[in-house]
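This is what each chain is made of:
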Amino acid sequence: MKIKGLKLAKKAFINKPRRFSIMWMLPNFLTICALIFGLHAFYQALFSNWNAVIILIIIAALFDLLDGRVARLLKSTSNFGMHLDSLSDFVVFGTVPALTIYFWMGKPTSSVFWFSVVLFVICSALRLARFNSELSDRPSYAKNYFTGIPTPAAAFLILLPITAFPMFNLENFKNEFFVGIWIVSISLGMVSNLPTFSGKVVQIPRTLVIPFLILLGIFSSSLISDPIKGFTIMVLIYIISLPLAPIFYYRLRKKAEALHEKKIEVSKNL
């Protein structure tokens, strides 16, 4: 038995690829780019360059958005890439934004506020672990939805006060109580069962393609010309979508359950 095991191990070692193509490495390189921009965002936070932090996190999110899609396009998905992506997301979107908001608040000594920061980091880790474990268990009607607020979106939400407070003259809300409640709410939203839009399989009707492209172009132009204002508008739109997503999700689930029951009845009658 021992000799057989050694033979199998030797065979596995021989069959293990010793070279990897550039196409296989490209998605992982994009993930590393996201990690680099996230770490640069943390570096800028140390010097209170808040606008630079926001811009760098946006760029990191773009790389994070591309890596998985490029991997699927090139058919180079792997367990290595999935784990690397999760570790990068935990640092870039689960840790850096929480520490940034802590620095932005002036490093308060309140243990309660620090607890909210730690809670965000913990919930980010739990959210990413749950996402990885649910990848193959999603029903067809739920393909366009996440369970809970995804970590990148949560990172944008936690950073919103940095841009929204000056823009809407809400400086009076810049205190440990209000910001702490905001952080705790986002943290609980990450680990909740709240359905949220993923945007992966959104289909645009043919008659709305041109208007949609025009709106997308206008928004992209505003985001490039004024990233801070574009970031704020984008996050506010996402907040509006949070109560709408469950309505569409449960409507789809109800239809899927009714169709399933109908198929069972038909099979019984046969």
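All values derive from a computational prediction rather than experimental measurement. By convention here, each chain's residues receive numbers from 1 onward along its written sequence. Side-chain atom pairs in this predicted model are given and counted only at pLDDT of 80 or more, local residue features only at pLDDT of at least 70, and totals for whole chains, interfaces and linings cover all residues. Side-chain measures here rest on the full set of heavy atoms in the structure, leaving out hydrogens and waters.

A. Main features of the overall build of the protein. Helix and strand counts for the protein come out as ten helices and two strands. Starting at the N terminus, helices and strands are each numbered in turn, a helix being any DSSP run of H or I of at least four residues and a strand any DSSP run of E of at least two. N-terminal to C-terminal, the α/β element order of the protein is α-α-α-α-α-α-β-α-α-β-α-α. In the protein, which comprises 270 residues, the share counted as buried stands at 36%. By the convention used here, residues are in contact when the closest approach between their heavy atoms is within 4.5 Å. Within the protein, residue pairs in contact and separated by at least 24 positions form 82% of the contacts whose partners lie at least 6 positions apart. Carbon and sulfur atoms form 69% of the exposed surface of the protein, whose accessible area is close to 16,900 Å². Burial classes follow relative accessibility: with a 1.4 Å probe on protein chains only, a residue under 20% of its type's maximum area counts as buried, one over 50% as exposed, and anything between as partly exposed. Methods summary: accessible areas were calculated by the Shrake-Rupley approach with a probe of 1.4 Å, and residue burial reflects only the protein chains presented.

B. Seen up close, the side chain of aspartate 89. Its location among the elements puts aspartate 89 in helix H4 (residues 79-92). Two residue types count as positive, namely Lys and Arg, and two as negative, namely Asp and Glu; His and chain ends fall outside the count. Salt bridge, as used here, is a side-chain nitrogen of Lys or Arg placed within 4 Å of a carboxyl oxygen of Asp or Glu. For aspartate 89, which is buried and forms no salt bridge, the nearest opposite charge comes from arginine 127, at a distance of 8.7 Å. Contacts of aspartate 89, omitting those with residues within four sequence positions, involve Asp64, Gly94, Leu128 and Thr151.

C. Quick look at the pattern of salt bridges. All told, the structure shown has one salt bridge when counted by the stated rule. A salt bridge links arginine 253 to glutamate 257; the nearest nitrogen and oxygen atoms lie 3.8 Å apart. Of this pair, arginine 253 and glutamate 257 both sit in helix H10 (residues 227-269), separated by four residues, roughly a single helical turn.

D. Examining the side chain of aspartate 67 more closely. With respect to the helices and strands, aspartate 67 occurs in helix H3 (residues 50-73). For the buried residue aspartate 67, which engages in no salt bridge, the nearest side chain bearing the opposite charge is arginine 69, 6.6 Å off. Setting aside its immediate chain neighbours within four residues, aspartate 67 contacts Pro27, Leu30, Thr31 and Asp85.

E. Seen up close, the environment of serine 88. For serine 88, the location among the structural elements is in helix H4. As a C-alpha pair, serine 88 and cysteine 33 span 55 residues in sequence and 9.5 Å in three-dimensional space. Here serine 88 is in contact with Thr31, Ala34, Leu35 and Phe93, once residues within four sequence places are set aside.

F. Quick peek at the packing of helix H7 (residues 151-167) against helix H8 (residues 176-191). Axis lines are fitted to C-alpha atoms, over the contacting stretch for helices. Their N-to-C directions set the angle, which ranges from 0 to 180 degrees. Put simply, H7 and H8 touch, their axes get as near as 9 Å, and they point 165 degrees apart. With respect to H8, the element H7 is oriented roughly antiparallel. Between H7 and H8 the crossing geometry is right-handed. Counted together, Thr151, Ala154, Leu157, Ile158, Leu160, Pro161 and Phe165 of H7 and Val179, Trp182, Ile183, Ile186 and Met190 of H8 form the full contact between these two elements. Lys, Arg, Asp and Glu make up the charged group, whereas Ala, Val, Leu, Ile, Met, Phe, Trp, Tyr, Cys and Pro make up the nonpolar group; the residues left over, Gly among them, are polar. Residue composition of the contact of H7 with H8, grouped by class: eleven nonpolar, one polar and no charged. These descriptions rest on fixed angle ranges, namely under 35 degrees for roughly parallel, over 145 for roughly antiparallel, 65 to 115 for roughly perpendicular, and the rest for oblique. Crossings are classed by handedness, with left-handed meaning an anticlockwise turn of the near helix from the far one by less than a right angle and right-handed meaning a clockwise turn.

G. Looking closely at the nonpolar core. To form a nonpolar core, buried Ala, Val, Leu, Ile, Met, Phe, Trp, Tyr and Cys residues must be joined to one another through side-chain atoms within 4.5 Å. Ranked by size, the top nonpolar core spans 46 residues in total, and within it Ile57, Trp104, Phe120, Ile149, Ile158 and Val179 carry the most contacts. Elements with a minimum of two residues in this core: helix H2 (22-46), H3, helix H5 (96-104), helix H6 (111-133), H7, H8 and H10. Among the elements that take part in this core, H7 stands out by supplying eleven residues, more than any other. Once residues within four sequence positions are removed from consideration, isoleucine 149 is found in contact with Arg127, Ala154, Leu157, Ile186, Gly189, Met190, Thr196, Tyr238 and Leu242. In this structure, Leu30, Cys33, Ala34 and Phe63 belong to the second largest nonpolar core, which totals five residues.

H. Spatial organisation of the packing of H2 against H4. Orientation of H2 relative to H4, taken along the N-to-C sense of each, is 10 degrees, at an axis distance of 9 Å. Accordingly, the angle class assigned to the pair H2 and H4 is roughly parallel. Residue-level inspection shows Trp24, Asn28, Thr31, Ile32, Ala34, Leu35, Gly38 and Leu39 of H2 in contact with H4, the latter providing Phe80, Gly81, Leu84, Asp85, Ser88, Val91 and Val92. Broken down by class, the residue content of the contact of H2 with H4 amounts to nine nonpolar, five polar and one charged.

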